[in-house]
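Per-entry structural report
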Amino acid sequence: MPKLAGAQILWECLVREGVDTVFGYPGGAILPAYDAMLQYPIHHVLVRHEQGASHMADGYARASGRVGVCVGTSGPAATNMVTGLATAMMDSIPVVAITGQVGTKVIGSDAFQETDVTGVTLPVTKHNYLVTHVEDLAETIREAFYIARHGRPGPVLIDIPKDVQLAQTEFEYPTHPIHLPNERLLEKYVPQEYFARAAEMIAAAERPVILAGHGILLSGAMDEVMEFAEKTNTPVALTLLGIGGFPAEHPLCLGMMGMHGGAYVNEAIQNADLLLAMGMRFDDRVTGTLKTYSPHSKKIHFEIDPTEINKNVKVDVPLLGDLKESLQKLNPLVKAKRHDAWWEHLQRAMQEDPIRDVLDWESPDGLMSEHVVHDIWTATQGDAIVVTDVGQHQMWEAQYYLHNKPHTLITSGGLGTMGFALPAAIGAKFAQPHKEVWVIAGDGGFQMTMAELATIVQEKIKINIAILNNGYLGMVRQWQEFFYDARYCATPIFSPDFSKVADAYGIPGYVVDNRNDVMDVLDQARSLPGPALIEFRVKMEDAVYPMVPAGASLNEMIKREKIVQPA
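What comes next concerns the included structure. (Residues numbered from 1 in each chain as written. Predicted model: local features only at pLDDT ≥ 70, side-chain atom pairs only at ≥ 80, totals over all residues. Heavy atoms only, no water.)

1. What to know about the pairing of strand β12 (residues 274-278)
Across the five residues of β12, five count as buried, placing the element largely inside the fold. By the alternation rule, side chains of β12 split into L274, L276 and M278 and L275 and A277, which are all buried. Pairing analysis gives five bridges linking strand β9 (residues 208-212) to β12, with the strands arranged parallel. Residue pairing across strands places I210 opposite L276, the latter belonging to β12. As paired elements, β12 and strand β13 (residues 298-303) share five bridges and run parallel to each other. Residue L274 lies in a different strand from β13, and its bridge partner there is K298. (Buried < 20%, exposed > 50% of the residue type's maximum accessible area, 1.4 Å probe, protein only. Helix = DSSP H or I, 4+ residues; strand = E, 2+ residues; numbered from the N terminus. Pairing = 2+ DSSP bridges.)

Shown next, in the form of structure tokens:
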């Protein structure tokens, strides 16, 4: 067995885990690892801020289904990654973060750029490690990747002191099976009779609704969900992160549920007699107040994480385990059925909802964000990977860009991280280099990480960027308008001329403020061989409709008034 330094062992293990791209920023405590990286077939993407590195690893993982890897030094570099790790943790994204640490002999002495990074990241990682002996490094890396990708995925951090990177040991890549505590206990939680009981409830239901969550995509259960929905003629409502798990234009798809979901979708959930929660965790943005959530329905919860069962909503039958495997057991037990009366009721409600009418409105007083998003969908024929930031534009994208394919919407759901879109799109482009990638961001969030434009240019990658600039922190302004008597405290925001910012980086920039110009500029941007940035100057006080106010029932929504345009 050859003797290798810890820095070499790091890259040996990453290569064996299938890693070919990492996102990072060098520094003193991680410098031995960077020096050793030159010996290995790893492409390193130099970020402009370590938060960008963790978001890029996240976007890479979401777009590829593989583990994303970010690298940084000790102290401020490690703490800069925390927001990205928290984002990945909330959305169950497999990321491995590698951080340098001061030498083991000075840990705890407040040495230069020392931070207790395992202590800091304990609440926002699935697991983390401080490796103090080089002999443990290979086993730790292999276990970290296993933990990141198995069960409910999540981020794992490995903190490696500088002297451990320099120390040498005999290297043999570990190949023995990994067994984690309690890993097989799930089998004991799912007696076969639970599946029979679920099948009986499905057969008895007259008003069922599937709640399609992120777990469909994480488990790769798209075909099984489709089979179940079509066999049982059950309508499908999507969570934000579930978008793409079931085709938006399928006849059984209702659309997005929750705070900014369709009014008819939420009313269907409230009137249902059976909810089939598939890979979703009953987040508060989905349920509204729990006291009145779907009060007359029985509930079947498909969930891989036992801690989520009955955490927010009490369920009648928990089916613990991987969703794909659970549906493979359940689907043969259910019988074909139709729900004609239920569908007639739902279709009447859909026709009364004005949400799609917006697309036909004339807007002489300014460019509407909804129109911009829908025009991007039209231009790309719905085939692009769209990476959004967080805010009003995120909800408009979910409403007006119809995703028929999995992994084509990448967005921060649970943590709601502004500044996510641009770096995550870079990661997505490296994961899917032949796919068209669009950033849709607001003027506020974009300014948080816009330095990553330099990363795009340095890496010579093609990403199209659409900034919806309304001059406000739009979603916060909307809350101020609705609930604080339009007292706009700290929400008007100054922005630079984004087209000139793009030009400073060598990126073609455009400004659009008229609907008639949108498609032409989209075509120009898409035809360029490199990146492009378009600033859409949209209406300043447009709001996202419908909206469930905080503390309200799911069907107590603020709705846009139905406006009949003059002939």
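The discussion continues.
2. Digging into the sheet that holds strand β18 (residues 464-469)
Reading across from one edge, β16-β15-β17-β18-β20-β19 is the order of the six strands in this open sheet, with parallel pairing throughout. A strand with exactly one partner marks an edge of an open sheet, and here the two such strands are β16 (409-410) and β19 (509-512). Sheet topology places strand β15 (residues 385-388) next to β16; two bridges connect them, and they run parallel. Paired with V386 across the strands is L409, a residue of β16.

3. Topic: the packing of aromatic side chains
The final tally for this structure, using the stated rule, is eight aromatic pairs. When the ring of F482 is compared with that of F483, the centres are 6.0 Å apart and the planes differ by 85 degrees; the resulting orientation is edge-to-face. Residue classification places F482 among the partly exposed residues on the basis of a relative accessible area of 22%. Relative accessible area serves as the criterion here: at 33%, F483 is assigned to the partly exposed category. (Phe/Tyr/Trp six-rings, centres within 6.5 Å; stacked < 30°, edge-to-face > 60°.)

4. Comments concerning the environment of N464
Relative to the elements of secondary structure, N464 occurs in strand β18. A sequence separation of 67 residues divides N464 from P531, and the C-alpha atoms of the two residues are 5.5 Å apart. If sequence neighbours within four positions are ignored, N464 has contacts with E436, V437, W438, V439, A525, R526 and A532. Side chain to side chain, N464 and K462 meet in a polar contact 2.8 Å long. (Contact = heavy atoms within 4.5 Å. Polar contact = N/O pair within 3.5 Å; in protein donor to acceptor, adjacent residues only side chain to side chain.)

5. Points about the pattern of salt bridges
What the rule picks out here adds up to 22 salt bridges. D340 serves as the salt-bridge partner of R338, at 3.1 Å between the closest nitrogen and oxygen. For R537, the salt bridge identified is with E535, shortest N-O distance 3.0 Å. Judged by relative accessible area, which is 1%, E535 ranks as buried. A cluster of three or more residues bridged by salt bridges with shared partners is formed by R152, D305, E308 and K311. (Salt bridge = Lys/Arg side-chain N within 4 Å of Asp/Glu carboxyl O.)

6. Overview of the nonpolar core
In terms of nonpolar packing, the biggest core is built from 97 residues, with L211, M278, I300, L330 and F536 touching the most fellow members. There are two domains that each give this core at least three residues, and those are domain 2 (186-352) and domain 3 (369-537). With residues up to four places along the chain from it excluded, the contact list for M278 reads I210, L211, A212, G213, I216, V225, F228, F302, L323 and L327. Within the second largest apolar cluster, 50 residues are counted, among which are Y60, A61, V117 and I385. (Core = buried A, V, L, I, M, F, W, Y, C linked by side-chain atoms within 4.5 Å. Domains from an automatic or database assignment.)

7. Overview of the pairing of strand β2 (residues 21-24)
Covered by surrounding structure in β2 are T21 and F23 together with V22 and G24, the residues of both alternating faces. Taken together, the four bridges between β2 and strand β3 (residues 43-46) define a ladder with parallel strand orientation. Across the sheet, the residue bridging to G24 is L46, located in β3. Assessed by its sense of winding, the connection that carries the chain from β2 through helix α2 (residues 31-37) to β3 is right-handed. (Right-handed = clockwise from strand over helix to strand, strands pointing away.)

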